[in-house]
Amino acid sequence: MKEQQEAFRAQIQLAKKYKLPIVIHCRDAFDEVFEVLESEKGADLFGIFHCFTGDIEQAKKSDIL
């Protein structure tokens, strides 16, 4: 799991560097995904969840993008 989070973080940093959106496929791992998103948030981070299996409270948190 740690390797996936590190790879996700690296992809986010590339997207921010090149001003590209991120597209997130998240099934049953919202807390882990959100942990990385929270640490990388900023005006230069934008994108969408194209797959999301979380609950309404998690969806409200995802307005970070």
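Now for a look at the structure at hand.

Cut-offs used in this document
- Residues numbered from 1 in each chain as written.
- Predicted model: local features only at pLDDT ≥ 70, side-chain atom pairs only at ≥ 80, totals over all residues.
- Heavy atoms only, no water.
- 1 Å grid on protein atoms, 1.4 Å probe; cavity = no way out; pocket = protein on both sides within 12 Å on 5 of 7 lines; lining within 4 Å.
- Points joined across faces, edges and corners; volume = space filled by probe spheres on them.
- Helix = DSSP H or I, 4+ residues; strand = E, 2+ residues; numbered from the N terminus.
- Nonpolar A, V, L, I, M, F, W, Y, C, P; charged D, E, K, R; others polar.
- Core = buried A, V, L, I, M, F, W, Y, C linked by side-chain atoms within 4.5 Å.
- Buried < 20%, exposed > 50% of the residue type's maximum accessible area, 1.4 Å probe, protein only.
- Contact = heavy atoms within 4.5 Å.
- Salt bridge = Lys/Arg side-chain N within 4 Å of Asp/Glu carboxyl O.

A look at the layout of surface pockets
Alright, step 1. Of the pockets and cavities examined, the largest pocket occupies roughly 210 Å³.
Alright, step 2. Of all the secondary-structure elements, those providing two or more residues to the lining of the largest pocket are α1 (2–17), β1 (22–26) and α2 (30–40).
Alright, step 3. Classifying every residue of the lining of the largest pocket by side-chain character gives 7 nonpolar, 3 polar and 2 charged.

Focus: the nonpolar core
Alright, step 1. Of all hydrophobic cores here, the largest spans 13 residues; its most connected members are Phe8, Ile12, Ile22, Ile24, Val33, Leu37 and Phe49.
Alright, step 2. For this core, the secondary-structure elements that each account for two or more residues are α1, β1 and α2.
Alright, step 3. With near-sequence residues (within four places) excluded, Phe8 lies in contact with Ile24, Val33, Val36 and Leu37.

Side note on the side chain of Gln58
Alright, step 1. Examined against the element boundaries, Gln58 turns out to sit in helix α3 (residues 56–61).
Alright, step 2. Under the relative-accessibility criterion, Gln58 is labelled buried at 17%.
Alright, step 3. Residues in contact with Gln58, not counting those within four places in the same chain, are Phe30, Asp31 and Phe52.

Structural notes on the pattern of salt bridges
Alright, step 1. Tallied over the entire structure, the rule returns 4 salt bridges.
Alright, step 2. For the salt bridge of Glu40 with Arg9, the shortest nitrogen-to-oxygen distance reads 3.4 Å. Here Glu40 is found in helix α2, whereas its partner Arg9 is found in helix α1, with 31 residues between them in sequence.
Alright, step 3. Given the relative accessible area of 28%, Arg9 is considered partly exposed.
Alright, step 4. Lys16 serves as the salt-bridge partner of Glu40, at 3.2 Å between the closest nitrogen and oxygen. Linking Glu40 in helix α2 with Lys16 in helix α1, this pair joins segments that are 24 residues apart in sequence.

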